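Single-letter residue listing:
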Protein chains: 2
Amino acid sequence: MRRTALLLAAAGTLSAAAPAFAQAQQDAPEPPAKLSTCLPCHGRDGIGTAPLNPNLAGQKALYMVKQLKAFKSGERRHDQMSLIAESLSDDDMDALSEWYAAQPPGGNP
Amino acid sequence: MRRTALLLAAAGTLSAAAPAFAQAQQDAPEPPAKLSTCLPCHGRDGIGTAPLNPNLAGQKALYMVKQLKAFKSGERRHDQMSLIAESLSDDDMDALSEWYAAQPPGGNP
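Residues numbered from 1 in each chain as written. Chains lettered and ligands numbered in written order. Predicted model: local features only at pLDDT ≥ 70, side-chain atom pairs only at ≥ 80, totals over all residues. Heavy atoms only, no water.

A. Seen up close, the pattern of salt bridges. All names here are of chain A. Per the stated rule, a full pass over the model turns up two salt bridges over all chains. Across the pair Lys-34 and Asp-92 runs a salt bridge whose closest N-O atoms are separated by 2.8 Å. Here Lys-34, found in the loop between α1 (2-27) and α2 (35-42), pairs with Asp-92, found in helix α5 (residues 90-102); they are 58 residues apart in sequence, far enough to count as distant. Accessibility expressed as a relative area gives 28% for Lys-34, which makes it partly exposed. For Asp-92, a relative accessible area of 16% gives the class buried. (Salt bridge = Lys/Arg side-chain N within 4 Å of Asp/Glu carboxyl O. Helix = DSSP H or I, 4+ residues; strand = E, 2+ residues; numbered from the N terminus. Buried < 20%, exposed > 50% of the residue type's maximum accessible area, 1.4 Å probe, protein only.)

B. Looking closely at the interface of chain B and chain A. Contact with chain B, which involves 19 residues of that partner, is made by 19 residues of chain A. Interface area for chain B against chain A, summed over the two sides, is near 1700 Å², with a carbon-plus-sulfur share of 53%. Seen at the junction of chain B and chain A, the total is zero salt bridges. Seen at the junction of chain B and chain A, the total is 10 residue pairs in polar contact (both at pLDDT 80 or more). Taken together, the residues of the side of chain B that touches chain A break down into seven nonpolar, eight polar and four charged. (Contact = heavy atoms within 4.5 Å. Buried area = accessible area lost by both parts, 1.4 Å probe. Polar contact = N/O pair within 3.5 Å; in protein donor to acceptor, adjacent residues only side chain to side chain. Nonpolar A, V, L, I, M, F, W, Y, C, P; charged D, E, K, R; others polar.)

C. Broad picture of the relation of the copies chain B and chain A. Superposing chain B onto chain A requires a rotation of 180° together with a translation of 0.0 Å along the rotation axis, leaving an RMSD of 0.0 Å. Here the symmetry operator amounts to a two-fold rotation axis. When the interface residues of chain B are mapped onto chain A, 95% of them are again interface residues, pointing to one common binding face. (Least-squares fit on C-alpha atoms with pLDDT ≥ 70 in both.)

D. Structural detail: the confidence of the model for chain A. All names here are of chain A. Chain-level pLDDT for chain A is 83 on average; 72% of the residues reach the 70-or-more range. Contacts of residues 4-18 to residues separated by more than four positions or lying in other chains number zero contacts, the stretch itself having pLDDT below 50. The complex prediction reports pTM at 0.76, with the ipTM value standing at 0.75. (pLDDT = per-residue confidence, 0-100.)

E. Layout of a negative patch on the surface. Negative charge collects at one region of the surface, where Asp-90, Asp-91, Asp-94 and Glu-98 of chain A lie side by side. By the element assignment, Asp-90 of chain A lies in helix α5. (Patch = residues over 30% accessible without salt bridge, like charges linked within 9 Å, V, L, I, M, F, W, Y side chains within 5 Å. Areas by Shrake-Rupley, 256 points an atom, 1.4 Å probe, with all protein chains shown as cover. Lys, Arg positive; Asp, Glu negative; His and termini not counted. Charge placed at Lys NZ, Arg CZ, Asp CG, Glu CD.)

F. Summary view of the side chain of Arg-76 of chain B. Of note, Arg-76 of chain B is situated in the loop between α3 (61-73) and α4 (79-86). Of the side chains with opposite charge, Glu-75 of chain A comes closest to the buried, unpaired Arg-76 of chain B, at an N-O distance of 7.9 Å. Among the polar contacts made by the side chain of Arg-76 of chain B, one reaches the side chain of Gln-67 of chain B at a distance of 2.9 Å. If we skip the residues at most four places from it in the chain, Arg-76 of chain B touches Tyr-63, Gln-67 and Arg-76 of chain A together with Tyr-63, Gln-67, Ala-70, Phe-71 and Ser-82 of chain B.

Quick look at the structure:
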């Protein structure tokens, strides 16, 4: 009987949490089309995958857009990033920067 | 009487927390000598003070050292950072990068 009560309580908690979860899913930005280009070095949640790959989670979006444009123009140089930035449109850069800016700093738990 | 009990309980909590706080203070790195150079744009805790000033809190130390060296050598250019990096020794760069890497990502609450 006690177990049934616990299960019912758990079910109640889940159904109460469901709308909040749905809302959070709705608010989260869509993963940008070109995100796969960034994943090997910066991860999906913006935590760099090696000591020289910067974390981007929670970074300022405008700063990231500026750096992507600098890589594309050649003002800033990096073997991989210069090549990758060449393939990105302004819209891609905005979307990718907004994605990473929206990730929790320190990464998803 | 109840108030006294509460005060005693609070005092107990404080004295229990004190050694942990002292330990945290002991573990925190000393602010580097040149930190004042970085504060106007990156803040003491590594949260950029304007949309184009990147957050450095929790950033990877090796990445930051590499960027400081690139600013000093002219490989990466930025009006303020190029000037500032010229005034930094390798030891300064290590200390500043370790400082910011050790700040909580997202900043101190």
